[in-house]
Amino acid sequence: MAEQDKVILHGMWASPLTKRVEFALKVKGIPYEYVEEDLSNKSPLLLKFNPVHKKVPVLVHNGKAIAESLVIIEYIDETWKTGPQLLPEDPYKRSQIRFWAGYMQQVFEAMLLVVKTIGEAQEKAIKEVSEKVKLLETGLKGLFPDGIPSVDEYSKNVTLLDLVIFAHFGGYEAQEEVLGLKFVDSEKTPLVVSCITALIEIPALKESRIPHEKTVAFLKFLRENALKSATA
Ligand SMILES: N[C@@H](CCC(=O)N[C@@H](CS)C(=O)NCC(=O)O)C(=O)O
């Protein structure tokens, strides 16, 4: 990295969208400063850097701001040639990685609904997540026709999609513990599960994922709020 490179990530610790970018910086070995944002009281800097969406993550590289997690990761991949190439060279493969990474936003939104609703609405959201994750499984079948590679092989070929999957499902044990249900399942979605279990073994990802207890506490907090507003 050039001497003048200064990289700052504005994020929120529990935000999977922030985690996507953190994982990209970590697997590529890019040093950065981290600024924690209070999303209930956004800093003037965050509003200045992301005036359109006013959301995290935002990456600031030598004073230039980039918003939107997928745009940021592509920027990182194009700017730093160290570590794995997150978008494959082959245009078709690249298009598929982009497609499924974009699709993960829908999965995330359905997962959030499961956390934030109760009763029938929650049941509907659970069904939606299950259907969406099954579709993701078909996507992974196309991307990994010979199955998930060994951890060694995988760590050299981690893609944008892997980082996104890991950001949303890396805390699957905590999700199971708090919600009492499995978003991913080794019988129904074996490739998604193998993908997550292989990614956990990659040191840069293992070290930077949110500790289990913190995820449990955060999900419990969201769940309690959902239950409180349902009974208010
Ligand atoms: N499409 C955006 C979504 C970012 C996003 O939703 N960030 C959330 C945290 S996970 C946020 O900043 N929420 C604050 C708000 O909505 O005011 C991306 O991929 O970066």
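Residues numbered from 1 in each chain as written. Predicted model: local features only at pLDDT ≥ 70, side-chain atom pairs only at ≥ 80, totals over all residues. Heavy atoms only, no water.

Draft legend 1. Here's a closer look at the site of the ligand. Taken together, Ser-15, Leu-17, Leu-39, Lys-42, Lys-55, Val-56, Pro-57, Glu-68 and Ser-69 form the complete shell of residues around the ligand. One of the side-chain N or O atoms of Ser-69 is found 2.7 Å from an oxygen atom in the ligand. Starting from 520 Å² of accessible surface for the ligand in isolation, the protein chains cover 75%. Applying the majority rule of atoms within 2 Å of the grid points places the ligand in the largest pocket. In terms of residue class, the shell around the ligand is built from four nonpolar, two polar and three charged. (Near = heavy atom within 4 Å. Polar contact = N/O pair within 3.5 Å; in protein donor to acceptor, adjacent residues only side chain to side chain. Areas by Shrake-Rupley, 256 points an atom, 1.4 Å probe, with all protein chains shown as cover. 1 Å grid on protein atoms, 1.4 Å probe; cavity = no way out; pocket = protein on both sides within 12 Å on 5 of 7 lines; lining within 4 Å. Sits in = over half its atoms within 2 Å of the grid points. Nonpolar A, V, L, I, M, F, W, Y, C, P; charged D, E, K, R; others polar.)

Draft legend 2. Summary view of the UniProt feature "domain: GST C-terminal" (unreviewed entry) in the chain. When the UniProt feature table is mapped onto this chain numbering, "domain: GST C-terminal" (unreviewed entry) sits at residues 90-229. Taken as a whole, residues 90-229 contains 79% helix and 0% strand, while its terminal C-alpha atoms sit 49 Å from one another. (UniProt positions renumbered as here; feature names shortened; annotations may be inferred. Helix = DSSP H or I, 4+ residues; strand = E, 2+ residues; numbered from the N terminus.)

Draft legend 3. Local environment of the UniProt feature "domain: GST N-terminal" (unreviewed entry) in the chain. The residues that UniProt annotates with the feature "domain: GST N-terminal" (unreviewed entry) are residues 5-84. The span residues 5-84 is 38% helical and 21% strand by assignment, and the distance between its end C-alpha atoms comes to 20 Å.

Draft legend 4. Representation of the sheet that holds strand E1 (residues 7-11) in the model. If you walk across this open sheet you meet the four strands as E2-E1-E3-E4, and the pairing is mixed. Each edge of the open sheet carries a strand with a single partner, namely strand E2 (33-36) and strand E4 (64-67). Between one strand axis and the next, the sheet turns through 20° on average, direction left out of account. Most of the contacts of helix H1 (residues 16-28) go to E1, to which it runs at about 155°, and overall it touches E1, E2 and strand E3 (58-61). (Pairing = 2+ DSSP bridges. Axes fitted to C-alpha atoms, helices over the stretch in contact; angles between N-to-C directions. Contact = heavy atoms within 4.5 Å.)

Draft legend 5. Looking closely at the domain arrangement of the chain. Taken domain by domain, the chain consists of domain 1 (7-79) and domain 2 (91-231). When each unit is reduced to the centre of its C-alpha atoms, the spacing between domain 1 and domain 2 is 21 Å. If you look at the interface, domain 1 gives 15 residues, while domain 2 gives 19 residues. Between domain 1 and domain 2 the total buried area reaches about 1600 Å² when both faces are included, carbon and sulfur atoms providing 76% of it. Looking at the side of domain 1 facing domain 2, the largest losses of area belong to Trp-13, Arg-20 and Phe-23, adding up to 39% of the total buried there. Summed over the shared surface of domain 1 and domain 2, the number is one salt bridge. (Domains from an automatic or database assignment. Buried area = accessible area lost by both parts, 1.4 Å probe. Salt bridge = Lys/Arg side-chain N within 4 Å of Asp/Glu carboxyl O.)

Draft legend 6. The nonpolar core, seen in detail. Counting residues in each nonpolar core, the largest one holds 63 residues, and the members touching the most others are Leu-59, Ile-76, Ile-165, Phe-169 and Ile-196. The dominant element in this core, judged by the number of residues it contributes, is helix H4 (residues 91-116), at ten residues. Structurally, this core is a two-domain feature, drawing no fewer than three residues from each of domain 1 (7-79) and domain 2 (91-231). Not counting residues up to four positions away in its chain, the partners in contact with Ile-165 are Met-104, Leu-136, Leu-140, Gly-170, Cys-195 and Ile-196. (Core = buried A, V, L, I, M, F, W, Y, C linked by side-chain atoms within 4.5 Å. Buried < 20%, exposed > 50% of the residue type's maximum accessible area, 1.4 Å probe, protein only.)

Draft legend 7. Focus on the packing of H1 against helix H3 (residues 69-79). Between H1 and H3, the least distance of the axes is 9 Å, while the angle of their chain directions is 10°. Taken together, H1 and H3 sit at an angle that is classed as roughly parallel. Of H3, the residues touching H1 (which contributes Leu-17, Arg-20, Val-21, Ala-24, Leu-25 and Lys-28) are Ser-69, Leu-70, Ile-72, Ile-73, Ile-76 and Asp-77. (Parallel < 35°, antiparallel > 145°, perpendicular 65-115°, else oblique.)

Draft legend 8. How the structure looks around the pairing of E4. Relative to E4, E3 runs antiparallel, the two sharing four bridges. Note on E4: the bridge partner recorded for Val-58 is Ala-67. What sits between E3 and E4 in their antiparallel hairpin is a turn of two residues, with Asn-62 showing a positive phi close to 50°.

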